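# Architecture at a glance
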Amino acid sequence: MSHMMDTYNRLPVAFSHGEGAWLFDTEGKRYLDALAGIAVNTLGHAHPRMVQALSHQAGRLIHTSNLYRVPQQEALSDKLAEISGLDEVFFCNSGCEANEAAIKLARLYGHGRAIDLPAIVVMEKAFHGRTLATLSATGSRKVQAGFEPLVRGFARVPYNDIAAVEQLAAHNKNVVAVMLESIQGEGGINIADHDYLRALRRLCDERDWLLILDAVQCGMGRTGKWFGHLHAGIQVDVLTLAKGLGSGVPIGACLAGGRAAGTFKPGNHGSTFGGNPFACTAGLTTIRAIEDDDLMNHAARTGEAIRKGFRESLGGTAGVADIRGVGLMIGIELDRPCGDLVRHALEAGLLINVTNDKVIRLLPPLIFSDQQVRLLVDGLTPLIVRFLAA
Ligand SMILES: *Cc1c(COP(=O)(O)O)cnc(C)c1O
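Residues numbered from 1 in each chain as written. Predicted model: local features only at pLDDT ≥ 70, side-chain atom pairs only at ≥ 80, totals over all residues. Heavy atoms only, no water.

So the rule is basically this: UniProt positions are given in the numbering used here, feature names are shortened, and annotations may be inferred rather than shown by experiment.
An unreviewed UniProt entry lists the protein chain under the name Acetylornithine aminotransferase, from Candidatus Methylophosphatis roskildensis. The protein chain has a UniProt comment under Subunit (unreviewed entry) that states "Homodimer." Database annotation for the protein chain, UniProt heading Subcellular location (unreviewed entry): "Cytoplasm".

In structure tokens:
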């Protein structure tokens, strides 16, 4: 009997090592990784620069605590400020922690403006994490059920519906922020309209609200730009990152700029592990590799090639409802629940995911090659066709 708490239904496979977009299981079988540890392994597996930088750092220092200066943290915050245009960075270890920081920041911001019970507008189908505050912000009953009482102070609206937010603004005087993913990941690769994001920006400016973008999944170059919202040409007040930031080493970040900057003061928030030299080395190495190897343009092109490939191979197939995505955040929506496909793909040596029951989700590492695009399209298409015909 396993002593592990029963929180995951795991597939019957364990990996021993990886190389680029390939993973090898303990039996020696090879798998093409089109999931990247759920958008985490930005540079794939065992990237030489990562191996070099992390081995070096592990041999010097892993952790010292935030009681002291951490030069790697200072360097990574400079880099994140440069690529985001935001002023300040708080480091933590995961996406939910980055969002917890954003939620606390928004509440503190509200209290600073004499709003005693601040509310944050959140979206249907949103996913923000599994801690109490972030599951309360999440728009999925499956995530919340059994954990009531939920954290108060969230007002939910449909995604991509600016009128719903305006209506809320007219009635709820406690709103201090809007929090959303510019591309919903867990919710099924749902893409916010650029006009909608711009309208949210305007509304937040008019009302003095904070615009909080959860880029935990759609950040770090995956969509062809550093962060998903940049496709709409807007700036945000608070930005949260994690998943792809450390290419596999746990690290999260909450960035603030504009009127959100300067909200946290010493004592307001903290993290023992957050921003340690090892994790920040992973973050810096990831960003430098993305820049040096032009991986954002590569992600944009590769994502387009994958969508084109599936449109050609699956277009017009009964049961395929939609093929969509931005860069390497890709969804193939079927007209029926298709969780079984994950196992079929595994048997065929392909690692994929299904989210929101009906959406095949592909999140390959940013180093995915043209040849791997072909292998993915040619390998997955017959599995989908056979699944739909069964
Ligand atoms: C995965 C995810 C989170 C939660 O991140 P954890 O590291 O699992 O806590 C939050 N927001 C979004 C958009 C995510 O995709």
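## Some points on the overall build of the protein chain
The condition is simple: Helical segments are the DSSP runs of H or I of at least four residues, strand segments are the runs of E of at least two, and each set is numbered from the N terminus. Here the radius of gyration uses the C-alpha set of atoms, whereas the globule reference equals 2.2 Å times the residue count to the power 0.38. Whether two residues are in contact is decided by their heavy atoms, any of which lying within 4.5 Å being enough. Computed with a 1.4 Å probe, the accessible areas rest on the Shrake-Rupley method; for each residue, only the protein chains presented here act as cover. The convention is simple: Lys and Arg are positive, Asp and Glu are negative, and His and the chain ends are not counted. Note that the charge is assigned to NZ on lysines, CZ on arginines, CG on aspartates and CD on glutamates.
In terms of regular secondary structure, the protein chain is built from 12 helices and 17 strands. Its C-alpha radius of gyration of 21 Å places the protein chain within 12% of the 21 Å reference for a compact globule of 390 residues. Taken along its principal axes, the extent of the C-alpha atoms in the protein chain is 60 × 50 × 45 Å. A fraction of 72% describes how many contacts in the protein chain between residues 6 or more apart in sequence connect residues 24 or more apart. When the accessible surface of the protein chain is totalled, it reaches about 17300 Å², and 52% of it is carbon and sulfur. The averaged location of the 40 negative side-chain charges in the protein chain is 1 Å from the averaged location of its 38 positive side-chain charges.

## Considering the site of the ligand
Put simply, the test is: One heavy atom within 4 Å of a molecule or strand is enough for the residue carrying it to be called near that molecule or strand. Residues adjacent in sequence count toward polar contacts only when both atoms are side-chain atoms; beyond that, a polar contact is any pair of N or O atoms within 3.5 Å, and within protein one must be able to donate a hydrogen and the other to accept it. Classes in brief: Ala, Val, Leu, Ile, Met, Phe, Trp, Tyr, Cys and Pro nonpolar; Asp, Glu, Lys and Arg charged; the others, Gly included, polar.
Around the ligand, the neighbouring residues are Ser-94, Gly-95, Cys-96, Asn-99, Phe-127, His-128, Gly-129, Glu-181, Asp-214, Val-216, Gln-217 and Lys-243. The separation between a nitrogen atom of the ligand and a polar side-chain atom of Asp-214 is 2.7 Å. Separating an oxygen atom of the ligand from a side-chain N or O atom of Lys-243 is a distance of 2.6 Å. Taking 380 Å² as the accessible area of the ligand by itself, protein coverage stands at 82%. The element best represented in the shell around the ligand is helix α4 (residues 95-111), accounting for three residues. Looking at the shell around the ligand residue by residue, the classes come out as three nonpolar, six polar and three charged.

## Focus on the sheet that holds strand β14 (residues 329-334)
So the rule is basically this: Strand pairing is assigned whenever DSSP detects at least two bridges linking the two strands. As a rule, the C-alpha atoms of each element are fitted with a line to give its axis, helices using only the stretch in contact, and angles between N-to-C directions run from 0 to 180 degrees.
Ordered in space as β13-β14-β17-β16, the four strands form an open sheet in which the pairing is antiparallel. The open sheet is flanked by β13 (320-326) and β16 (353-355), the only strands paired with a single partner. Put simply, the sheet's adjacent strands are angled 25° from each other on average, direction ignored. Taken together, the three bridges between β16 and strand β17 (residues 359-362) define a ladder with antiparallel strand orientation. Looking across to β17, one finds that Asn-353 is bridged to Arg-361. Here helix α10 (residues 295-314) sits on the sheet and contacts β13, β14 and β17; the angle it forms with β13, its principal contact strand, is near 170°.

## Topic: the packing of helix α7 (residues 162-171) against helix α8 (residues 194-207)
Put simply, the rule reads: Here roughly perpendicular refers to angles of 65 to 115 degrees, roughly parallel to angles under 35, roughly antiparallel to angles over 145, and oblique to all remaining angles. Crossing handedness is defined as follows: a turn of the near helix away from the far one that is anticlockwise and smaller than a right angle gives a left-handed crossing, while the clockwise case is right-handed.
Look at α7 against α8: their axes get within 10 Å of each other, and the N-to-C directions meet at 15°. By the angle between their directions, the pair α7 and α8 is classed as roughly parallel. As α7 runs across α8, the sense of the crossing is right-handed. When α7 is examined against α8, the residues Ile-162, Val-165, Glu-166 and Ala-169 are found in contact with a partner set consisting of Tyr-196, Ala-199, Leu-200, Leu-203 and Arg-207. Class assignment of the residues belonging to the contact of α7 with α8 gives a composition of seven nonpolar, no polar and two charged.

## A word on the pairing of β17
Which entries qualify depends on this criterion: Classification of residues uses two cut-offs on accessible area relative to the type maximum, computed with a 1.4 Å probe and protein chains only: under 20% is buried, over 50% is exposed, and between them is partly exposed.
What you see with β17 is no split at all: Val-359 and Arg-361 on one side and Ile-360 and Leu-362 on the other are buried throughout. Across four bridges, β14 lies against β17 in antiparallel orientation. Within the sheet, the bridge partner assigned to Ile-332 lies in β17 and is Ile-360. The hairpin formed by β16 and β17 contains three residues between the paired strands, and Asn-356 there has a positive phi angle of roughly 50°.

## Things to note about the UniProt feature "modified residue: N6-(pyridoxal phosphate)lysine" (unreviewed entry) in the protein chain
This chain's UniProt record puts "modified residue: N6-(pyridoxal phosphate)lysine" (unreviewed entry) on Lys-243. When you line up the elements, Lys-243 lands in the loop between β11 (238-241) and β12 (252-256). Here Lys-243 falls in the partly exposed class, since its relative accessible area comes to 21%. Setting aside chain neighbours within four positions, we find Lys-243 in contact with Ile-38, Ala-39, Val-40, Glu-186, Val-216, Gln-217 and Ile-251.

## As for the sheet that holds strand β1 (residues 15-19)
The four strands lie next to each other as β1-β2-β3-β15, forming an open sheet whose pairing is mixed. Lying at the two open borders of the sheet, with one neighbouring strand each, are β1 and β15 (350-351). Pairing of strand β3 (residues 30-33) with β15 involves two bridges; the strand directions are parallel. Looking across to β15, one finds that Leu-32 is bridged to Leu-350.

## Comments concerning the side chain of Thr-42
Its place among the elements puts Thr-42 in the loop between α1 (36-39) and α2 (48-58). Apart from residues lying up to four places away in sequence, Thr-42 is in contact with Met-220, Gly-244, Ser-247, Thr-286, Ile-290, Pro-365, Leu-366 and Ile-367.

## Brief notes about the nonpolar core
Worth spelling out the cut-off: What makes a nonpolar core is a set of buried Ala, Val, Leu, Ile, Met, Phe, Trp, Tyr and Cys residues whose side-chain atoms join them at distances within 4.5 Å.
Ile-360, Leu-362 and Leu-380 are the most contacted members of the largest nonpolar core, which has 95 residues in total. Per-element accounting of this core gives the leading share, eight residues, to helix α12 (residues 370-389). With residues up to four places along the chain from it excluded, the contact list for Leu-380 reads Phe-310, Ala-345, Leu-350, Ile-352, Ile-360 and Leu-362. With 24 residues, the next largest nonpolar core counts Phe-90, Phe-154, Ala-177 and Leu-210 among its residues.

## Structural notes on the side chain of Thr-302
Mapping Thr-302 onto the fold places it in helix α10. At 2.6 Å, the side chain of Thr-302 forms a polar contact with the backbone oxygen of His-298.

## Observations regarding unusual backbone geometry
Cis rather than trans, the peptide bond between Glu-148 and Pro-149 has omega equal to 5°. Position of Pro-149 among the secondary structure elements: in the loop between α6 (141-144) and β6 (154-157). Of note in this structure, Ala-39 is not a glycine but carries a positive phi near 65°. Its place among the elements puts Ala-39 in helix α1. Of note in this structure, Ser-65 is not a glycine but carries a positive phi near 100°. With respect to the element layout, Ser-65 can be found in the loop between α2 and α3 (71-84).

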